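# Understanding the architecture of this molecule
Okay, here's what each chain looks like letter by letter:
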Amino acid sequence: MLEMIAIGYDLDASPRMLHGVRLLREALEACEYMVEEKAGGWAWNRYRDTGHRKIYVGRRSGSELLAELEARDVLLYHTDEPEGEGFYLATCPGRLVVVSGGDDSGALYGCQELAGRIREEGELPRELSFGDTPRLAWRGPAVGLQKQRVEPGRQPFEYPLTPDRFSWFYDRVMWLDYLDMLLKHRGNSLFLWNANPFASLIDLPGEPEAREVTKEQLEENASLLRWLTEEADRRGIQIFLAFYSIYIPQSFADKHGLSYRQCKPLPETSDYFRRLLAAFVRDYPTVGLMVCLGEMLKGQMYGVEWLCETILPGIMEGFDHSAGADPPPVIVRSHAIDIEKVMQEADGLYPNLHTEMKYNGESLTTWTPRGEVQALHRRMAERDGKHVVTVHMNSNLEPFRFGAPSFIQRCVQAAKYRLKGSALHFFPLSFWSWPYSPDRSEIPIKQVDRDWIWFEAWLRYAWNPDRDGKAEKRHWISRLEEKYGNRQSAERLLHAYETIGSCAPKLLRRFGITQGNRQTMSLGMTMSQLTNPERHVTWSKLWESHAPQGERLEEFVLKQLAGMPHLGETPLDIVEEVERSSEEASKAVKQARMTVQKNKTEFERLAADIDAIKAMTNMYTYKVRAALLVFMYKHTAFGKYAERAALLEESAEWLDKSVAAYRKLTETTEKQYVFANGMQTLHRKIPFRDGAAIYHWRDCLPMFERELAVFRQRIGELQTGKMPSALVQAPAVSYRRYSQASYKLLSEDAEQYRIEKGARVFTDGDIPIISCAEELYGLTGIRFSQLRAAHEEIQLEVELEEPSLILVGCFNSHDDQWLKPGGAAAVDPYTFGLDPVIRRGIRLFAYPSVHVHALPYEAGRHTLHYGKGAFLILGVIELHQSLSNRDFDPQHDERTLLDW
Ligand code: ADA
């Protein structure tokens, strides 16, 4: 006889609780119970009347049955009483099983836990007393409504929601699978990223230009979002839309004579965003919002106005007109703004306000973040709201698989304990190509399938990072055994995942230039980038905050030569560690191959990844050895000719090996991967400029081969007693002045002047030009007070006749008095993120050298303001012309930098 089990719940049970009941029912039926649902549940003193066993699912606050049983000491907890998403499972006298949830999500998770136990044991357990609660408040991934490339005729980030761009967005079956996966691992938030999603979702009355898609499309989008929000909510998942306050629809911009990117809120744009958000929140009061106020230096200035005068009032207005019970959560991102300044002004203006900041920048490098970045996280976390830590982008891991669970566990612990974060948001491994992975495959591989271990691990540890290491090891071995059908293989694969997983983080943090996604780490680095990182615009937070204490290459060599003690992680420590790890991983995977029973194709792909990461590791470690020898050469006394020459010889040998490893890497990846860098735009610059043209190892191999050939040729020249030709001969190229563009200077406290030898570059002091690059000679620059610029942010009003490039000169010095192009704005490809067009393009008397950047602007009026610190405006030139990419000071360049 089949046993009957009743599941009771209150009449007002929410869809979320009912989803939990459904999970329970399915599990019971799978174990051959008969199930009867009892909406309305039982009175506390009558439940015993039902003779068979029963399960009651309830929310602690609001459930009469739970309240009475608790009050009469029938239901007792041996843990903290369940609150929020927490739950407790208990067996009570009278053949009752209780699922007591802190809230609806708690009840859902309780049902899920019980359903899991029923399936595992094959029956409804007779004895239960188990409670659990999440340690982090939001736990969820990002999904990019963004594409890998800038669309022709459109701007970066401009991706209206349409099926031709995002066919998967309209695939409801795929969404349900994804939401179920999130629920399975207790993810409770999902962040959809787009520059301005509202323009594809909201129709502002009388404002057709504010819409980026057709009316029909807009309706389809709106219906999809509504459906998604409901289905997510059922599974305890909060949907967030992540947007940037600076992007307005192009058609709207055209109508008002504005540009697509709006740093400064103008009356028209402020009014637009306010109405847009009000309309959105009115229609979707449960959708959370995550706002990025900046993504450019100018955001530093205008974050407060955007948030306090436009965004929050818009949201409040929408909420007041909505049916929502509580104002939706709003998360303010710290990217490219002075988050502290913004939050100081915003605190108290909105009841559900939170902050967000990146974990290791746009890479994954360490579980011991420290320094300035750690301090800022902590200060944010001390505020009232939740502080979200984002594992953003992971540009040093792409395009490979990453599945080192213990690394991930420690990162989540660090997010909680070192950074004091209370929520975790993480990116998929290939954000830009969502939902597919970069693997070359006839049938596209979905990231959720390929990177299952990535999703599971982040979510698992976001629920509870403090799990016991040994038990965790068993857990992952079982999961791998399920996948590959054999325990021994599983043990070896876990070892392979763990050991190979440490390579990319360690390589980047010790040898890389930036934690930002300007660098595609797996494509390698040039000798110049290793030996002269400063020339390539470094981001020192990489090693000061996102790495354990340690030494950079040159520092290490200098200490070594001086016989000084080393501090922390040295380049050679890392070289040794990663070589050993990748070797171990490679052995482990070979052993695993012998016993793998299932999923052999995926196994081979994983094995190929490990081969590729090993080749990448060797490519780096050999090259680092070569670079260390170049530094030795640089810092060994002149005169010791033979000794110095031998250093370079040895260096060339290592470089040779590095190129051989690169060849192997290219061979493997040629078969396995479509691309290395997910984002294929100008923004990617390391190792080579332009991620749109250079995105595969095969594109880089010839350049690295050439680098080796040139290096050898130079050494040959040195050995014959000649200075290498590049050192003595000026290149046979002649440079012409850039084509000027007309512009007016409207500010009264600044003046125009001709760039030429002897001209003064500031209105105060007497700082003349000693020499300047031919490209700049004769252009019309702008000068202002250096003293004032050093102490406050200078604002210059200009009017451009046509779209133009403004040439901005930045001083090559860390001193506070100069503007820092390497600050927040360096991540922005459209401002200082671009490498200078002319390095050391102008020499001034007794001043640091000046790098010249070319910043694009639309026609029309602009306020130029880049932050505090002095800089130069060296002219305004036509947008379309070929720009230099050179160092104007060849002596400096070649002789002291050894950049050949
Ligand atoms: C990086 C990335 C951008 C965006 C940005 C952010 O700069 O290239 O596309 O994701 O980070 O918003 O944090």
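Owing to the predicted nature of the structure, the values given are computational and were not obtained by experimental measurement.

To continue, consider the overall build of the protein. Within the protein one finds 26 helices and 25 strands. The C-alpha radius of gyration of the protein comes to 30 Å, within 12% of the 29 Å expected for a compact globule of 900 residues. Expressed along its principal axes, the backbone C-alpha trace of the protein runs to roughly 100 × 65 × 50 Å. Relative to its 900 residues, the protein shows a buried fraction of 62%. If you take every contact in the protein between residues at least 6 apart in sequence, the share linking residues at least 24 apart comes to 75%.

Let us look at the side chain of Glu151. Take Glu151: it is sitting in the loop between β7 (139–144) and α4 (172–184). Among residues more than four places away in sequence, those in contact with Glu151 are Tyr159 and Arg165.

Moving on to unusual backbone geometry. That bond from Trp434 to Pro435 is cis: its omega, 5°, falls within 30 degrees of zero. For Pro435, the location among the structural elements is in the loop between β14 (423–426) and α12 (447–450). Backbone torsion omega between Ile686 and Pro687 reads 10°, so that peptide bond is classified as cis. Considering the arrangement of structural elements, one finds Pro687 in the loop between α22 (641–672) and α23 (697–719). Despite not being glycine, Asp73 shows a phi value in the positive range, around 60°. With respect to the helices, strands and loops of the structure, Asp73 is situated in the loop between α2 (64–71) and β4 (87–92). The class for Asp73 is exposed, based on a relative accessible area of 54%. The backbone phi angle of Ala336 is positive, close to 65°, even though this residue is not glycine.

Next up on the list: the environment of Met393. Here Met393 shows up in the loop between β13 (387–391) and α11 (405–418). Of the residues examined, Met393 reaches a relative accessible area of 7% and is grouped as buried. Along the sequence, Met393 and Arg605 sit 212 residues apart, while their C-alpha atoms lie 22 Å from each other. Look past the residues within four positions of Met393 in its chain and what remains in contact with it is Glu362, Phe427, Phe431, Trp432 and Asn517.

If you check helix α5 (residues 215–234), its first and last C-alpha atoms are 29 Å apart, about what 20 residues at 1.5 Å a residue would give, namely 28 Å. Here α5 has its buried residues at Gln217, Leu218, Asn221, Ala222, Leu224, Leu225, Trp227, Leu228, Thr229, Glu231 and Ala232. Looking at the packing, one finds that the buried side of α5 touches α4, β8 (189–193), β9 (238–244) and α7 (267–283). Of the residues trailing α5, Gly236 is marked for its positive phi of about 75°.

On to the sheet that holds strand β15 (residues 743–745), then. The strand order across the open sheet built from three strands is β15-β19-β23, with neighbouring strands paired in antiparallel fashion. The open sheet is flanked by β15 and β23 (860–864), the only strands paired with a single partner. Looking at each pair of strands side by side, their axes are set apart by 25° on average, direction ignored. Pairing of β15 with strand β19 (residues 796–800) involves three bridges; the strand directions are antiparallel. Bridge pairing links Tyr743 to Leu800 in β19.

What follows deals with the nonpolar core. In terms of nonpolar packing, the biggest core is built from 195 residues, with Trp175 and Phe280 touching the most fellow members. Per element, the largest residue contribution to this core is 18 residues, and it comes from helix α21 (residues 600–635). Each of domain 2 (142–467) and domain 3 (501–728) gives at least three residues to this core. One finds Ile755, Phe811, Val837 and Tyr857 within the second-largest nonpolar core, a separate group that totals 50 residues.

With that settled, the discussion passes to the site of the ligand. In the vicinity of the ligand lie 15 residues, with Tyr244, Arg333, Lys358, Glu362 and Asn517 positioned nearest. The side chain of Arg333 places a nitrogen or oxygen atom 2.6 Å from an oxygen atom of the ligand. Here the ligand loses 98% of its free accessible area of 310 Å² to cover by the protein chains. Along the lines of polarity and charge, the residues of the shell around the ligand split into seven nonpolar, four polar and four charged. Per-domain counts for the shell around the ligand show at least three residues from each of domain 2 (142–467) and domain 3 (501–728).

Next up on the list: the environment of Ile769. Residue position: Ile769 is located in strand β17 (residues 769–772). Discounting chain neighbours no more than four positions away, the residues touching Ile769 are Ile755, Glu756, Lys757, Gly758, Ala759, Val761, Ile842, Arg843 and Leu844.

Relative to the elements of secondary structure, Ser658 occurs in helix α22. By relative accessible area, Ser658 is classed as buried at 3%. Aside from chain neighbours lying at most four places away, what touches Ser658 is Met619, Tyr622 and Lys623.

This paragraph deals with the pattern of salt bridges. Here the idea is simple: oppositely charged side chains can pair when their charged atoms come close. Going through the model one piece at a time under the given rule, you end up with 64 salt bridges. With a closest N to O distance of 3.5 Å, Glu151 and Arg154 form a salt bridge. Classification of Glu151 as buried rests on a relative accessible area of 18%. Given the relative accessible area of 31%, Arg154 is considered partly exposed. A salt bridge links Glu482 to Arg479; the nearest nitrogen and oxygen atoms lie 2.4 Å apart.

Now for the sheet that holds strand β10 (residues 288–292). Two strands in a sheet stick together by hydrogen bonds in their backbones, pointing the same way (parallel) or opposite ways (antiparallel). In spatial order, the strands read β7-β8-β9-β10-β11-β12-β13-β14; together these eight strands close into a barrel with parallel pairing. Neighbour-to-neighbour, the strand axes of this sheet turn through a mean angle of 25°, independent of strand direction. Here β7 runs beside β14; their pairing, made up of three bridges, is parallel. Each residue of the ladder has a partner; that of Arg139, found in β14, is Leu424. Across the sheet, α4 is in contact with β7 and β8; its angle to β8 comes to roughly 135°.

For the protein, the assigned domains read domain 1 (4–132), domain 2 (142–467), domain 3 (501–728) and domain 4 (743–897). When each unit is reduced to the centre of its C-alpha atoms, the spacing between domain 2 and domain 3 is 34 Å. Contacts between the two partners involve 37 residues from domain 2 and, on the opposite side, 47 residues from domain 3. Broken down residue by residue, the surface that domain 2 buries against domain 3 is led by Arg370, Phe400 and Arg440, which jointly contribute 23%.

Further remarks concern the packing of aromatic side chains. The geometry of an aromatic ring pair is captured by the separation of the ring centres together with the interplanar angle, meaning the angle of the planes. If you walk through the whole model with that rule in mind, you get 49 aromatic pairs. Between Phe762 and Phe784, the ring centres sit 6.2 Å apart and the planes meet at 70°, which makes this aromatic pair edge-to-face. With Phe762 in the loop between β16 (751–754) and β17 and Phe784 in the loop between β18 (780–783) and α25 (786–791), this residue pair connects regions lying 22 residues apart in the sequence. On the basis of relative accessibility, which here comes to 1%, the residue Phe762 falls in the buried class. For Phe784, a relative accessible area of 1% corresponds to the buried category. It is Arg552 that lies over the ring of Trp543; its NZ or CZ is 3.6 Å from the centre. A cation over a ring is seen here: Arg886 above Tyr735, with NZ or CZ 3.4 Å from the ring centre.

Analysis parameters
Going along each chain's sequence as written, the residues are numbered from 1 onward. In keeping with the predicted nature of the model, local features appear solely for residues at pLDDT of at least 70, side-chain atom pairs appear and are counted solely at 80 or more, and the whole-chain, interface and lining totals rest on all residues. Calculated side-chain values reflect all of the structure's heavy atoms, with hydrogen atoms and water omitted. Numbering of helices and strands starts at the N terminus; helices are DSSP runs of H or I of at least 4 residues and strands are runs of E of at least 2. Every radius of gyration here is taken over C-alpha atoms, with the globule rule written as 2.2 Å times N^0.38, N being the number of residues. Accessible area is worked out with a 1.4 Å probe on protein chains only. A residue is then buried under 20% of its type maximum, exposed over 50%, and partly exposed in between. Whether two residues are in contact is decided by their heavy atoms, any of which lying within 4.5 Å being enough. Multiplying one less than the number of residues by 1.5 Å gives the expected span of a helix. Between any two strands, pairing holds if DSSP finds at least two bridges. Where helices are involved, their axes are fitted lines through C-alpha atoms of the stretch in contact, as for all axes, and angles between N-to-C directions lie from 0 to 180°. Only buried residues count toward a nonpolar core, which is a set of Ala, Val, Leu, Ile, Met, Phe, Trp, Tyr and Cys residues joined through side-chain atoms within 4.5 Å. The split into domains, and so the bounds of each, comes from an automatic or database assignment of domains. Nearness is judged by heavy atoms alone; a residue qualifies as near a molecule or strand once a single heavy atom is within 4 Å of it. N or O atoms within 3.5 Å of each other form a polar contact, as long as, within protein, one can give a hydrogen and the other can take it, and as long as residues adjacent in sequence are counted only when both atoms are side-chain atoms. For accessible areas, the Shrake-Rupley method is used with a probe of radius 1.4 Å. Any residue's cover is judged against the shown protein chains and nothing else. When residues are grouped by polarity, Ala, Val, Leu, Ile, Met, Phe, Trp, Tyr, Cys and Pro land in nonpolar, Asp, Glu, Lys and Arg in charged, and all others, Gly among them, in polar. Here a salt bridge means any side-chain nitrogen of Lys or Arg lying within 4 Å of a carboxyl oxygen belonging to Asp or Glu. Buried area counts how much accessible surface, traced with a 1.4 Å probe, disappears from two parts once they are put together, with both parts' losses summed. Any two of the Phe, Tyr and Trp rings considered here, Trp counted by its six-membered ring, make a pair once their centres fall within 6.5 Å; the pair's planes then place it as stacked at under 30 degrees, edge-to-face at over 60, or tilted in between. A ring is considered to have a charge above it if a Lys NZ or an Arg CZ atom is located within 6 Å of its centre and within 35 degrees of its normal.

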